[in-house]
Amino acid sequence: MKTGMEYKDSLRSLNTQVYAFGKLVDDLVDNPLFQPHVNSAALTYELAHDPVAEDLVTATSHLTGKKINRFTHIHQNTEDLIKKVKMLRMIAQRTGSCFQRCVGFDAINATYSVTYEMDQELGTDYHQRFVEYLKHVQENDIMVAGAMTDVKGDRGLRPSQQKDPDMYVRVVEKNDKGIIINGAKAHMTGIVNSHDMLIMPTAAMKEEDKGYALACAVPVDAPGVIHIFGRQTNDDRKYGEIDQGNATYGIVGGEALTVLENVFVPWEQVFMCGEWQFAGLLVERFASYHRQNYGGCKGGVADVIIGATATIADYNGVTQASHIRDKITEMIHLTETLFSGSLACSSEGRKTPSGACFVDPLLANTVKQNVTRFIYEISRISHDIAGGILATLPSEQDLKDEKIGKYVKKYLKGVEGVPTEDRIRILRLLENMTGGTALAESMHGAGSPQAQRVMILRQGNLEHKKQLAKDLAKVSKKG
Amino acid sequence: MKTVTVKYCGHCNPHLQGPVILEQVKGKLPHVRFISGASEEGAGVLLVISGCPVDCAARPSGFSSVIATAGYTVDGRNVSKDTLVAEISSKLQGLLEDS
């Protein structure tokens, strides 16, 4: 298992083509724009060597029997699923931010089980190829970015109906050595500081879309791969410290648009190529695993928001006010409700034919749906308690200015005994964690709300509920 | 010098900080060596420190004696914040003398 430092060094040896603000980045690991995201991901490596955390962050490989980082593990039982959720909450409590590695974790688990079932039904040999790839991932502690969301062009048209055929990642050529692919993947969390990406189809496919039914692993620095880093709210603050709020780990995962221009993929790393019948299953497996996470990681992020809110109440001298205590109680209630949902979908997990354990998809989609609401509500309450100063704080430069700094310190002071700078630091943490890009991540990460509602209705067993009502009401069978 | 192996749960929502508790136990048992990070088979005395009463830490096999601290409980019995360290230390002392 790599340490955090070994992970950072491994990134330095890559030739990843990352663009930000129109320029090619040549110092990714040490560049303030990316450093917090690298630090966050590095913690997933470092904690595997921490005695306090290792029970959650490590697992035993079912392929080799070796101790591995859990982010490269295939869930063998519901205990693994539960430990995943607890691990995510624990790490998020330390980072206060996305640490990116769950996407690839979910991608390997989804691909593992679906390739097995695909081979069983179609006589293909993708699963064994994937197992070999997985051994490489586990042995080398590879950070895999899950690559699902296509750019999609006209959302009213299917992939094969698009005017520009590259709106969904597709196979443009096959030869005896492998395939050539084109297209782009959007919202790629952690991609710029990953080693590989695991490409999956973005939606269920019909036969006419089979050129888009594609799953494969590609190094992030493969020839033809270009990453265009996404802007984040307040990203120019990354060149300072206090105003960033969370200078070490950042606010979100660090997302990018990844362009694939005639990228070669050897057959050994192709895990679906035209089997359109299984594209939907792969999407459903990945999405459910990924939605399982959010009561864990966003629960941990919410723990930090609650802590910051309670601290600012202390600093403002209002902790004992009954309405403040009630609002903090509501924040805790919402957070633990999210955590409960993630634990529930894990406890109700079941074995797939491959032996890998899968979450309950109805409950997993339910928890993610709640995240799209509760994190906003938790953030709203935190703004209520923090007060308007959250939006009108002077800058770090003003605080430190020789001439006007004394006024900032004098007039922005709260209770006696707490330095003004501490009050500003907590407010900046809260501001950054509860607005802009950080908030939108809760809405759309792991799929937008409507995607969950589609699956909730599909899995919701509505006919059974109707029958319950009819039986009690003694409605005739015909009714 | 007798040795105790320490295993933590992972501390996802801890009611107490395991490493802090361990430091206090070490203070009461200066003649004992504590090693942590065990996940494989071991021997002797195992001290499990879970952050909350769920007590979800995996138990490595092979240990002759196990003391499980889970939040403010020791081997399933509630203890107060003030007596937790003394309770763990006393139990460890007894096991080490017997071993």
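Reading guide: rules and limits
Residues numbered from 1 in each chain as written. Chains lettered and ligands numbered in written order. Predicted model: local features only at pLDDT ≥ 70, side-chain atom pairs only at ≥ 80, totals over all residues. Helix = DSSP H or I, 4+ residues; strand = E, 2+ residues; numbered from the N terminus. Buried ≥ 20, exposed ≤ 12 C-beta atoms within 10 Å, placed from the backbone. Contact = placed C-beta atoms within 7 Å. Axes fitted to C-alpha atoms, helices over the stretch in contact; angles between N-to-C directions. Parallel < 35°, antiparallel > 145°, perpendicular 65-115°, else oblique. Left-handed = near helix turned anticlockwise from the far one by under 90°. Pairing = 2+ DSSP bridges.

Caption draft 1: Looking closely at the overall build of chain B. Scanning chain B for helices and strands turns up two helices and six strands. Scanning chain B from its N terminus toward the C terminus, one meets helices and strands in the order β-α-β-β-β-β-β-α. Per-residue burial for chain B yields a buried fraction of 27% across its 99 residues. A sequence separation of at least 24 residues applies to 54% of the contacts in chain B between residues at least 6 apart.

Caption draft 2: Quick peek at the packing of helix α7 (residues 279–316) of chain A against helix α9 (residues 361–386) of chain A. Residues and elements named next belong to chain A. Where α7 meets α9, the axes come as close as 8 Å, and the angle between the chain directions of the two elements is 20 degrees. In this view, α7 runs roughly parallel relative to α9, as classed from their interaxial angle. The two elements α7 and α9 meet at a crossing, and its hand is left-handed. Residues Glu284, Ser288, Arg291, Gln292, Tyr294, Gly295, Lys298, Ala302, Ile305, Thr309, Ile312 and Ala313 of α7 pack against Pro361, Ala364, Asn365, Val367, Lys368, Val371, Ile375, Ile378, Ser379, Ser382, Ile385 and Ala386 of α9.

Caption draft 3: Here's a closer look at the interface of chain A and chain B. Contacts between chain A and chain B engage twelve residues on the former and 14 residues on the latter. Counting only elements with at least two residues in the side of chain A that touches chain B, the list comes to α3 (54–57) and α4 (78–95) of chain A. Considering each element in turn, the side of chain A that touches chain B owes the most residues, four residues, to α4 of chain A.

Caption draft 4: Up close: the sheet that holds strand β12 (residues 270–273) of chain A. Residues and elements named next belong to chain A. Pairing is mixed across the open sheet formed by four strands, whose spatial order is β5-β8-β9-β12. This sheet does not close on itself; its edge strands, each paired only once, are β5 (144–147) and β12. Neighbour-to-neighbour, the strand axes of the sheet open up by a mean angle of 20 degrees, direction not taken into account. Examined bridge by bridge, β5 and strand β8 (residues 196–199) share four bridges and lie parallel to one another. Residue pairing for β8: Gly146 is matched across the bridge by Leu198.

Honestly, that's just the spatial picture; any functional story needs more than this.
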